[in-house]
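If you want the building blocks of each chain, they are given just below.
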Amino acid sequence: MSTAGATGAGGAGGDRLGAVFGALSDPHRRHMVETMLRDGETTVPALTAGLPITRQAVAKHLGALGAAGLVVGERGPGREVRYRLVPGALAPAATWLRATEAAWDRRLHRLRGAVER
Amino acid sequence: MIQAERGERVRREIELDAAPDEVWRALRTPGEWLGEALQDGELEEGGTLAVRDDDGERHGVVEAVEPPEHERPGRLAWWWWRGDEPATHVEVLVVGGPARTRVIVVEARPAAGPVMGARWVTRLARVRAATRLVSA
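Since the model is a prediction, treat every value here as computed from it, not as a measurement.

J.: Describe the pattern of salt bridges, and please don't skip the residues or the numbers.
T.: The tally for this structure, following the rule as stated, stands at 22 salt bridges over all chains. Note that Glu-42 of chain B is salt-bridged to Arg-28 of chain B, the shortest N-O span being 3.7 Å. With Glu-42 of chain B in the loop between strand 2 (36–37) and strand 3 (48–53) and Arg-28 of chain B in helix 1 (residues 20–28), this pair connects stretches of sequence that are 14 residues apart. One network of salt bridges, with partners in common, ties together Arg-106 and Arg-110 of chain A together with Asp-53, Asp-54, Asp-55, Arg-58, Arg-82 and Glu-85 of chain B.

This is the structure we're talking about:
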């Protein structure tokens, strides 16, 4: 098994989450992640068919997703590399989003209590 | 399923049955809504912020305090962090209407990158906060 692109997501802890969000900040990369969520495995040609960008650009984006620890590539029986999401890699990002949304709901509820009296 | 449209930012909005000035006063007073205030006073541009909530203490530096004026929405912005976590950026907009006031909050996590990683931003914000405390 080979990772899709460079390793090293910028260290442990919080930067790790920053790397995930950085990787997800591009709409083409988000589309690719959603494709893998839907289809499981995919390939560069399959991804290129669904996007208005070149094969080279798709490969570069896969490299960025790999560097963030989101995607791994594995050479199949043929010569084609098949890419898939790393299980659980998206969970910390989802957890941060949910916790942050809940915290703002709490704060805005308090704000309402403070001004609507 | 990944909430792609939210990306690395969270956006929340509320409509309040109160005048913009009144909402603005409450927003500038951390103890009114952000949690238990760990320091006195209102949010001031270039000042610091310290609150304690159910999920821990947050410290930060205030970037912008622009009160609502005529047609212009009010705007608060700050960087803050909890413990060793990277800093996040918060922007609060106050939009006045004929009877009600809309408050929009966006909290964003900067992406780690070769140029400006989240850890670097946190370090910068901490240095700014420390400098501020020393010179105060």
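That shown, we press on.
J.: Lay out the side chain of Thr-48 of chain A in plain terms, naming residues and giving numbers.
T.: All names here are of chain A. Mapped onto the elements of the fold, Thr-48 is located in helix 3 (residues 44–49). Judged by relative accessible area, Thr-48 falls into the buried class, the value being 19%. Apart from residues no more than four positions distant in its own chain, Thr-48 is found in contact with Ile-53, Thr-54, Arg-55 and Val-58.

J.: A description of the pairing of strand 7 (residues 101–108) of chain B should follow, citing residues and the corresponding values.
T.: Where a strand is regular, its side chains alternate between the two sheet faces. Residue and element names in this part refer to chain B. The buried count for strand 7 comes to six of eight residues, which makes it a mostly enclosed element. Here strand 1 (residues 9–16) runs beside strand 7; their pairing, made up of eight bridges, is antiparallel. Looking across to strand 7, one finds that Ile-14 is bridged to Val-103. Pairing of strand 6 (residues 88–96) with strand 7 involves eight bridges; the strand directions are antiparallel.

J.: Outline the interface of chain B and chain A, supporting the account with residue identities and numerical values.
T.: Contacts between the two partners involve 41 residues from chain B and, on the opposite side, 32 residues from chain A. Here chain B packs against chain A, burying approximately 3,300 Å² in sum over the two surfaces, 62% of which is carbon and sulfur. Applying the counting rule to chain B against chain A returns six salt bridges. One salt bridge connects Arg-12 of chain B with Asp-105 of chain A, and the closest N-O pair in it is separated by 2.8 Å. Between chain B and chain A we count seven residue pairs in polar contact (both at pLDDT 80 or more) in total. Secondary-structure elements contributing two or more residues to the side of chain B that touches chain A are strand 1, helix 1, helix 2 (30–33), strand 5 (74–81), strand 6, strand 7 and helix 3 (118–135) of chain B. Within the side of chain B that touches chain A, the residues separate by chemical class into 22 nonpolar, three polar and 16 charged.

J.: Give me the pairing of strand 5 of chain B: which residues, what numbers.
T.: All names here are of chain B. Counted residue by residue, strand 5 has seven buried out of eight residues, so it is predominantly covered. Pairing between strand 4 (residues 56–66) and strand 5: seven bridges, direction antiparallel. What sits directly across from Val-65, in strand 5, is Leu-76. Here strand 5 pairs with strand 6 via seven bridges, running antiparallel. Bridge assignment links Trp-78 to a residue of strand 6, and that residue is Val-90. Between strand 5 and strand 6, which pair antiparallel one after the other, the connecting turn spans six residues, and Gly-83 there sits at a positive phi close to 55°.

Thresholds applied
Residues numbered from 1 in each chain as written. Chains lettered and ligands numbered in written order. Predicted model: local features only at pLDDT ≥ 70, side-chain atom pairs only at ≥ 80, totals over all residues. Heavy atoms only, no water. Salt bridge = Lys/Arg side-chain N within 4 Å of Asp/Glu carboxyl O. Helix = DSSP H or I, 4+ residues; strand = E, 2+ residues; numbered from the N terminus. Buried < 20%, exposed > 50% of the residue type's maximum accessible area, 1.4 Å probe, protein only. Contact = heavy atoms within 4.5 Å. Pairing = 2+ DSSP bridges. Buried area = accessible area lost by both parts, 1.4 Å probe. Polar contact = N/O pair within 3.5 Å; in protein donor to acceptor, adjacent residues only side chain to side chain. Nonpolar A, V, L, I, M, F, W, Y, C, P; charged D, E, K, R; others polar.

These figures come from the coordinates and say nothing about function on their own.
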